[in-house]
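Chain residues, written in single-letter form:
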Amino acid sequence: MIGKKGFFFYVMVCLALMVLKHGVVVSGQEFVRVSGNRFMLNGRSFYSNGFNAYWMMDMAADPNERDRVTEAFQQASSQGMYVVRTWAFADGGDEPLQISPGNYNENMFRALDFVVSEAKRFGVYVILSLVNNYDAYGGRKQYVQWARDQGQYLNGDDDFYRNELVRGFYKNHVRAVLTRVNTITGVAYKDEPAIFAWELMNEPRCQSDLSGNTLQDWISVMASHVKSIDSNHMLEVGLEGFYGESMQDRKQYNPGYEVGSDYITNNQVQGIDFATIHAYPDQWMSGSDEQSQLNFLQRWLESHIQDAGSVIGKPLFVTEFGRSSRLSGYNTGQRDTLYSSVYNTIYGCARSGGPCSGALFWQLLEEGMDNWDDGYEVVMSEQPSTANIIAQQSRQISSLNGASSLYARVQEMKRTMPNKPKLMN
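Sequence order as written defines residue numbering, which begins from 1 separately in each chain. In keeping with the model being predicted, local features are shown solely for residues with a pLDDT of at least 70 and side-chain atom pairs are shown and tallied solely at 80 or more, while totals for entire chains, interfaces and linings include all residues. Processing note: side-chain calculations cover all non-hydrogen atoms of the structure and skip hydrogens and water entirely.

The chain appears in an unreviewed UniProt entry as mannan endo-1,4-beta-mannosidase from Acorus calamus. UniProt's Subcellular location (unreviewed entry) comment on the chain is quoted here verbatim: "Secreted". According to UniProt, the comment filed for the chain under the heading Sequence similarities (unreviewed entry) is "Belongs to the glycosyl hydrolase 5 (cellulase A) family." UniProt positions are given in the numbering used here, feature names are shortened, and annotations may be inferred rather than shown by experiment.

In structure tokens, the structure reads:
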């Protein structure tokens, strides 16, 4: 047996070792909150890297493939990645979640239940995106078509933001997802701490109105709607980070064009809890050389970090970044350099108490998922140098999650204890 002091010391040492190894101790998840420009978990700042895995609901719907979801969360947890972003939409098409407005495929909803429950089991948080800007998985285009099917005359996909019937379709989908009771855990999604945040849309754009007014109004309405249903969770827009009309001098950091969003005003909307950016210099500056793209990336990150802290006053999460292997002349070293650049900038910000709290690379695949390749995929076992950077950097930033304070408490206990714990027969 171990004496009382010895037992308490032993427990504290074990906890410290767990925190120092993985960054956080998960013992019954709590909601992550926002305080100023930081994420907070159990009263302490929360930092984490992670990845995108939009395919999770699809894989979970197939009994022969759902182990890939488990493997992804297991991999995340073991390497200090505690946030994963995935889709909570599949509108119309062959394997939909939402078959038609308000009509759902229970098998797909149960697949999403599995995704959330597995995240919870491994102590990982998920960001759930609620609709796509693009045609994949239905997106705005499908919502507009549903309205046309009901006699609405709509000019184009941007009427998704303006038409009241379409808005109603989207609001109903939001309510259906947020109030869904998980068939595995028995917990309503709106009450589930394993959900990190809701995302209004993946990469919203409205190029028919570059003033930003159309998108700004939609965000305001929908943020209020989400918060009227769910006051527990954080909410973000899903922005790429393009600057708009509100601070015209900041447009110099855009890659030469606008998309109808506004990084500043969109994120200042009441109910939006944190800012997001994406980073794809290989797409946005496809005619530039690698060094020019890296220079752009650094300016992009630094300007958004600065504005998140001094103008918006909210945390910042880099929710997508990557480099495609399908580029002419691509080599793994180019991707590794970009990943290191993103991670080093974010870690430096986090360590100094700045607003940037982590980054999610696009995208993680498991072995044997070749049909999901898009050029940006990372299969950890097949790309060891990139996997090593991800693991090292993720453990490094998650080590900021209270590890030093717990370690200091253990050291203080060691100094104040008169003798080492004595083992008794």
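1. Points about the packing of helix α11 (residues 332-351) against helix α12 (residues 384-398)
Comment: axis = line fitted to C-alpha atoms, over the contacting stretch for helices; angle = value between 0 and 180 degrees taken between N-to-C directions. A helix here means a DSSP run of H or I that spans at least four residues, while a strand means a run of E at least two residues long, and both kinds are numbered starting from the N terminus. Between α11 and α12, the least distance of the axes is 10 Å, while the angle of their chain directions is 5°. The pairing of α11 with α12 is recorded here as roughly parallel in orientation. Note on element contacts: α12 touches α11 through S385, T386, I389, I390, Q393, Q396 and I397, opposite T332, R335, D336, Y339, S340, Y343, N344, I346, Y347 and A350. Only Asp, Glu, Lys and Arg are considered charged in this grouping, and only Ala, Val, Leu, Ile, Met, Phe, Trp, Tyr, Cys and Pro are considered nonpolar; every other residue, Gly among them, is considered polar. Across the contact of α11 with α12, the residue classes break down as 8 nonpolar, 7 polar and 2 charged. By the definition adopted for this analysis, an angle is roughly parallel if under 35 degrees, roughly antiparallel if over 145, roughly perpendicular if from 65 to 115, and oblique otherwise. A contact between two residues is defined here by any heavy atoms of the two lying within 4.5 Å.

2. A few points about empty space enclosed by the protein
Of the two site types, the cavity is a set of points on a 1 Å grid over the protein atoms alone where a 1.4 Å probe fits but cannot get out, and the pocket is an open set with protein on both sides within 12 Å along at least five of seven lines, each lined by residues with an atom within 4 Å of a point. Grid points are joined across faces, edges and corners, and a volume is the space filled by probe spheres set on the points. This structure, assessed with the given rule, holds 1 cavity of 30 Å³ or more. Of the voids in this model, the largest cavity is the one considered here, and its volume is about 30 Å³. As for the largest cavity, its lining consists of L210, S211, G212, G244, E245, E258, G260, S261 and D262. Along the lines of polarity and charge, the residues of the lining of the largest cavity split into 1 nonpolar, 5 polar and 3 charged.

3. A few points about the side chain of R85
Relative to the helices and strands, R85 is located in strand β5 (residues 81-87). Ignoring anything within four residues of it in the chain, the contact list for R85 reads F51, N52, A53, Y54, I127, E199, N202, H278, T319, E320, L360 and W362.

4. Concerning the state of the cysteines
Criterion for a disulfide: a pair of cysteine sulfur atoms within 2.5 Å. All chains considered together, the criterion is met by 0 disulfides. For C349, which is in no disulfide, the shortest distance to another cysteine sulfur is to C356 and amounts to 5.2 Å. For the exposure calls, accessible area comes from a 1.4 Å probe over protein chains only, and a residue counts as buried if that area is under 20% of its type's maximum, exposed if over 50%, partly exposed in between. By relative accessible area, which is 9% here, C349 ends up buried.

5. Quick notes on the packing of aromatic side chains
Aromatic rings from Phe, Tyr and Trp, with only the six-membered ring used for Trp, were paired whenever their centres fell within 6.5 Å, and each pair was classed as stacked if the ring planes differed by under 30 degrees, edge-to-face if by over 60, and tilted otherwise. On inspection of all chains with the given rule, the structure shows 40 aromatic pairs. Measuring from ring centre to ring centre gives 5.8 Å for Y54 and W372, while their planes differ by 65°; the resulting arrangement is edge-to-face. Pair noted here: Y54 is in the loop between β4 (49-52) and α2 (56-60) and W372 is in the loop between β13 (356-361) and α12, with a separation of 318 residues, a long-range link. Each member of the pair Y54 and W372 is classed as buried. Aromatic side chains F196 and F274 sit 5.9 Å apart centroid to centroid with 70° between the ring planes, which places their arrangement in the edge-to-face category. Of this pair, F196 sits in strand β9 (residues 195-199) while F274 sits in the loop between α8 (263-268) and β11 (275-279), placing them 78 residues apart in sequence. With relative accessibility at 0%, the residue F274 sits in the buried group. Within the aromatic cluster, the residues linked to one another by ring pairs are F242, Y257, Y280, W284, F296, W300 and Y376. Sitting above the plane of the F114 ring, R66 keeps its charged end 4.1 Å from the centroid. Whether a charge lies above a ring is judged from NZ of Lys or CZ of Arg, which has to be within 6 Å of the ring centre and within 35 degrees of the ring normal.

6. Section: the layout of surface pockets
Using a probe with the size of a water molecule, rolled over the atoms, empty space left in the structure can be pinpointed. What the second largest pocket holds in volume is close to 310 Å³. In this structure, the second largest pocket is lined by 17 residues; those nearest its centre are Y134, N202, E203, E320 and W362. Among the residues forming the lining of the second largest pocket, the class breakdown is 9 nonpolar, 3 polar and 5 charged.

7. Let's talk about the sheet that holds strand β8 (residues 125-129)
Ordered in space as β10-β9-β8-β5-β4-β13-β12-β11, the 8 strands form an open sheet in which the pairing is parallel. Bordering the open sheet on either side are β10 (234-236) and β11, each of which pairs with just one other strand. Mean inter-strand twist for the sheet, computed between neighbouring axes without regard to direction, equals 25°. DSSP calls a pair of strands paired once it identifies at least 2 bridges connecting them. As defined by bridge partners, β4 adjoins β5 across 4 bridges and the pair is classed as parallel. Within the sheet, the bridge partner assigned to F51 lies in β5 and is V84. Along the sheet face, helix α10 (residues 290-312) touches β11, β12 (316-321) and β13 and points at about 180° away from the line of β11.

8. Focus: the pairing of β5
In terms of residue burial, β5 counts as a mostly covered element, since 7 of its 7 residues are buried. For β5 and β8, the ladder comprises 5 bridges, and the chain directions are parallel. If you follow R85 over to β8, its bridge partner there is I127.

9. As for a negative patch on the surface
Here the term patch refers to residues with relative accessible area over 30% and no salt bridge, with like charges joined within 9 Å and nonpolar side chains (Val, Leu, Ile, Met, Phe, Trp, Tyr) within 5 Å. Areas reported here follow the Shrake-Rupley algorithm with a probe of radius 1.4 Å; residue values treat only the protein chains shown as occluding. The rule for a salt bridge is simple: a side-chain nitrogen of Lys or Arg has to be within 4 Å of a carboxyl oxygen of Asp or Glu. Charged residues are defined here as Lys and Arg on the positive side and Asp and Glu on the negative side; His and the ends of the chain fall outside this count. Every charge is mapped onto a representative atom, which is NZ of Lys, CZ of Arg, CG of Asp or CD of Glu. Where like charges cluster on the molecular surface, the negative patch consists of D67, E71, E367, D370, D373 and E382. The topology assignment puts D67 in helix α3 (residues 67-78).

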